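Listed here are the chains, written in short residue letters.
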Amino acid sequence: MSWTDQELSEMAKKAEAGRAFTYDDSFWGEMEALLPAKKKSIWPYFWAIAVPIVGALTLYLAGPTKGVSTSHVAKTIPFEMNRFGNTNNLGLSLSSSQEKKVVGVDLDIQSQNFSPAISAYSAEKSAIKNPKILVSTETNFGRKQKSGNTRNLEITEQIVPVINASSSYKNDLTQFNREALPQDVNKSAESEIVERLSFAPLSLLGFNPYLKMLALPYYSRRRYFSAFGELGFGIGEAYRSDQIGHTESISLSAGVRITKNKLFVQAGFGFEAEKAGLELNEREKIYDYGVKTFENRLSYKQVYRLNMPINFGYQIAKHAIQIGATPSYLLSTKMKYAYLENENVKRNETIFGTKTGWNSFGLKLNLGYGFNLFPSTTLGLNIQIQAMKQLEISWTTSENKMPISGQVFIRKTLR
Amino acid sequence: MKVDNEIIASCIKDDRKATEQLYKYCFQSLMPVCYRYHKNEEDARSSLNIGFLKIINGLKDVELEAFNFNAWSKRIMNNTLIDEYRKSKKYRDRYSITDSERELDYFAESYKNEALSNFGEEIVLELIKELPVACAQVFNLYVIDGYAHKEIAEMLEIPEGTSKWHLSQAKKILREKLEKIESQNKRMVI
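Computed from a prediction, not measured in an experiment: that's the story for all the values here.

> I'd like to hear about the overall build of chain A, residue by residue, with values.
For chain A, the count of helices and strands is 10 helices and 12 strands. Counting only residues that meet the buried cut, chain A has 45% of its 415 residues in that class. Of all intrachain contacts in chain A linking residues separated by at least 6 positions in sequence, the fraction that spans at least 24 positions is 68%. Just so you have it, chain A exposes about 22100 Å², and 57% of that area is on carbon and sulfur atoms.

> Quick one: what's the story with the interface of chain A and chain B, residue by residue and with numbers?
Facing the 36 residues of chain A at the interface are 43 residues of chain B. Here chain A packs against chain B, burying approximately 3800 Å² in sum over the two surfaces, 62% of which is carbon and sulfur. The tally of links from chain A across to chain B stands at 4 salt bridges. For the salt bridge of arginine 16 of chain B with glutamate 32 of chain A, the shortest nitrogen-to-oxygen distance reads 3.8 Å. For the interface between chain A and chain B, the tally reads 3 residue pairs in polar contact (both at pLDDT 80 or more). Contributions of two or more residues to the side of chain A that touches chain B are made by helix H1 (5-17), helix H2 (25-34) and strand S6 (291-307) of chain A. Ranked by residue count, the leading element in the side of chain A that touches chain B is H1 of chain A, at 9 residues. When grouped by side-chain class, the residues that make up the side of chain A that touches chain B number 18 nonpolar, 5 polar and 13 charged.

> Could you give me a rundown of the packing of aromatic side chains, with the residues and numbers involved?
By the definition in use, this model includes 15 aromatic pairs over all chains. Ring centres 5.9 Å apart and planes at 90° place the aromatic pair tyrosine 23 of chain A and phenylalanine 27 of chain A in the edge-to-face group. When sorted by exposure, tyrosine 23 of chain A lands in the same class as phenylalanine 27 of chain A, which is buried. Relative to phenylalanine 361 of chain A, the ring of tyrosine 329 of chain A lies with its centre 5.2 Å away and its plane at 55°, an arrangement referred to as tilted. Taken together, the residues tyrosine 329 of chain A in strand S8 (residues 319-341) and phenylalanine 361 of chain A in strand S10 (residues 361-374) connect sequence positions 32 residues apart. Aromatic ring contacts, followed pair by pair, group Tyr23, Phe27 and Trp28 of chain A together with Tyr23, Phe27 and Phe52 of chain B into a single cluster.

> Let's hear about the packing of helix H3 (residues 41-59) of chain B against helix H4 (residues 69-87) of chain B: which residues, and what values?
Residue and element names in this part refer to chain B. Packing of H3 against H4 brings their axes to within 9 Å, and their N-to-C directions diverge by 130°. The angle between the axes of H3 and H4 places the two elements in the oblique class. Considering how the two elements wind past one another, H3 and H4 form a crossing that is right-handed. Together, Ser47, Leu48, Ile50, Gly51, Lys54, Ile55, Gly58 and Leu59 of H3 and Phe69, Trp72, Ser73, Ile76, Met77, Thr80, Leu81, Asp83 and Glu84 of H4 make up the contact between the two elements. Partitioning the contact of H3 with H4 into residue classes produces 9 nonpolar, 5 polar and 3 charged.

> I'd like a description of unusual backbone geometry, backed by residues and values.
One non-glycine residue, alanine 317 of chain A, lies in positive phi territory at about 50°. Despite not being glycine, glutamate 157 of chain B shows a phi value in the positive range, around 55°. Relative to the helices and strands, glutamate 157 of chain B resides in the loop between helix H8 (149-156) and helix H9 (160-189). Note on glutamate 157 of chain B: relative accessible area 10%, which makes it buried.

> Help me get a handle on the nonpolar core, residues and values and all.
If you look at the biggest cluster of nonpolar residues, it comprises 64 residues, and the most contacted ones within it are Leu22, Phe69 and Ile128 of chain B. For this core, the element with the most residues is helix H2 (residues 16-36) of chain B, which contributes 11 residues. Here isoleucine 128 of chain B is in contact with Ala12 of chain A together with Ala136, Phe139, Asn140 and Leu174 of chain B, once residues within four sequence places are set aside. Judged by nonpolar contacts, the second largest core, of 12 residues, contains Leu278, Leu298, Leu330 and Met335 of chain A.

> Break down the confidence of the model for chain A for me, citing the residues and quoting the values.
All names here are of chain A. Per-residue confidence for chain A gives a mean pLDDT of 69; residues scoring 70 or more make up 56%. Contacts from residues 66-170, a stretch scored under 50 in pLDDT, to residues over four places away or in other chains number 191 contacts. Confidence drops under a pLDDT of 50 for residues 198-221, and excluding neighbours within four residues, the segment shows 73 contacts in the predicted structure.

> Requested: an account of the pattern of salt bridges, with residues and values cited.
Residues and elements named next belong to chain A. All chains considered together, the criterion is met by 15 salt bridges over all chains. A salt bridge links glutamate 272 to lysine 364, with the nearest nitrogen and oxygen atoms 4.0 Å apart. You can see glutamate 272 sitting in strand S5 (residues 263-287) and its partner lysine 364 sitting in strand S10, a full 92 residues away along the chain. Taking the relative accessible area as the measure of exposure, glutamate 272 reaches 4% and is therefore buried. The closest approach of N and O atoms between arginine 297 and glutamate 295, which form a salt bridge, is 3.0 Å. Of the residues examined, arginine 297 reaches a relative accessible area of 31% and is grouped as partly exposed. Salt bridges here are not isolated pairs; linked through shared partners, they connect Glu272, Glu274, Arg305 and Lys364.

> Let's hear about the packing of helix H7 (residues 133-144) of chain B against H8 of chain B: which residues, and what values?
Residues and elements named next belong to chain B. Running from N to C, H7 and H8 point in directions that differ by 135°, and their axes come no closer than 10 Å. For the element pair H7 / H8, the angle class is oblique. Here H7 and H8 pass one another in a crossing that is right-handed. In this structure, H7 contributes Gln137, Val138, Leu141 and Tyr142 to the contact, and H8 contributes His149, Ile152, Met155 and Leu156.

Criteria and cut-off values
Residues numbered from 1 in each chain as written. Chains lettered and ligands numbered in written order. Predicted model: local features only at pLDDT ≥ 70, side-chain atom pairs only at ≥ 80, totals over all residues. Heavy atoms only, no water. Helix = DSSP H or I, 4+ residues; strand = E, 2+ residues; numbered from the N terminus. Buried < 20%, exposed > 50% of the residue type's maximum accessible area, 1.4 Å probe, protein only. Contact = heavy atoms within 4.5 Å. Areas by Shrake-Rupley, 256 points an atom, 1.4 Å probe, with all protein chains shown as cover. Buried area = accessible area lost by both parts, 1.4 Å probe. Salt bridge = Lys/Arg side-chain N within 4 Å of Asp/Glu carboxyl O. Polar contact = N/O pair within 3.5 Å; in protein donor to acceptor, adjacent residues only side chain to side chain. Nonpolar A, V, L, I, M, F, W, Y, C, P; charged D, E, K, R; others polar. Phe/Tyr/Trp six-rings, centres within 6.5 Å; stacked < 30°, edge-to-face > 60°. Axes fitted to C-alpha atoms, helices over the stretch in contact; angles between N-to-C directions. Parallel < 35°, antiparallel > 145°, perpendicular 65-115°, else oblique. Left-handed = near helix turned anticlockwise from the far one by under 90°. Core = buried A, V, L, I, M, F, W, Y, C linked by side-chain atoms within 4.5 Å. pLDDT = per-residue confidence, 0-100.

Below you can see the structure in the form of structure tokens.
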């Protein structure tokens, strides 16, 4: 009998289909031993350490304050209003309706009987909470203010224009700052302050100067929250030690800041685009029927990350130092990909989104300095060090273990 | 059992339960492929494990949309087996040349008492194993796995014409062997 090609093929296929192998559970044990050990994530450890620290600091900063200074600034308001309203020696003239407005927002001055002024510093904590003053539409200063404009006296930066307004007044304020106020203010001390304020050249101070001055940060021990936006420009070491060059980045983030006394904690969320300049090559050489080479060239141009910076800091006048960490997640990349066979390019294209060779998560530790250029604008510098490997081990042995980068940032504090 | 994208996604995340499930699946689908290249199950399983390791490592680079796991894994397994063969090429060549004639006689003897109705598939599979390695590879890839000569030529890094020649050689040898066995059986019956 002669076997046709078709008969041979069918016979082979049929036999192959009918073949079965018995699986034993022990096979998996052997296979599992060959698999690479499961990566131990450092994140549980990181969070286990970070969460209690952040929690404790947040509780400390956001928790109730002690002592008589809880509403220190706030309590001065009726006192000042009362004084200026009665004496009129600062040139502020409020009509009766305007006065009512002022009074009506926060408290009833009459009923509280704020004369003498020192009552504001008394231990009556419940007297005024969250003082806000509605400014009248027109005053003797001749400046117009929008009706219903609300000023929160707890905003510390408001003092700066006052300080800049007059050198003599600045001196007064400096002196004023040096004197201990919060805890042991007595009647005579306060009277003295009021006297000094009374002589301030108000024409140079702008609208409602006394209110601004009362918002001096140094007198307040209250915590406060603020939001901020931050723009940063960075430059850093290359990811691979055998590649010349550096990385450049631009980042935009927003966050919140809690301040208490001179300590602050801030957390944010932002986007970062980095010019990576990283090349990863994979080459295979086969010695069979002549030498053949196959090569994948991955040239990363840009990487895009989500950053979640957390910083703790200490503010001394206009200067601040901060330390913190910035966990990041790799969102996407832009890459030039080339595939070569025997040095001949077979494929060459730009690809978005590939993460080959990268670890998704990263962590930078940073030490920073900030300087308050303006009341709500800070210019600063961060020195950052990469604490988690950014490249997969399988791709390169010449990874810069902990590349250092520097970042200049400008932060705008929002209300 | 079916391999869906969910299992594959879990394997990418290094979920060991999902990886075990995938291994079980691959054992059934790929073990026959491995067995074609080996004399016993132990060696076949060793190759399967090496291939499975490559499959797991390669999963993270695949696009899950429109992903055919069966075809992809079979291709990886075949490449693994071909690589293994290359590493031990000289040994295999000697082995084939030395034993091919003797094996032919062995099969002729072994099955001479079998009934004609049983003659066929099992013998074919064993005979394929006794083909010269290159011929067996091409025959398996073309006939059983369904690759085209062009693909086989790429995988084995040989010219397409050579692949065709190996296939025709394989069929010719198989045909000769089967006819020889058949004639032996006929003699026994008579």
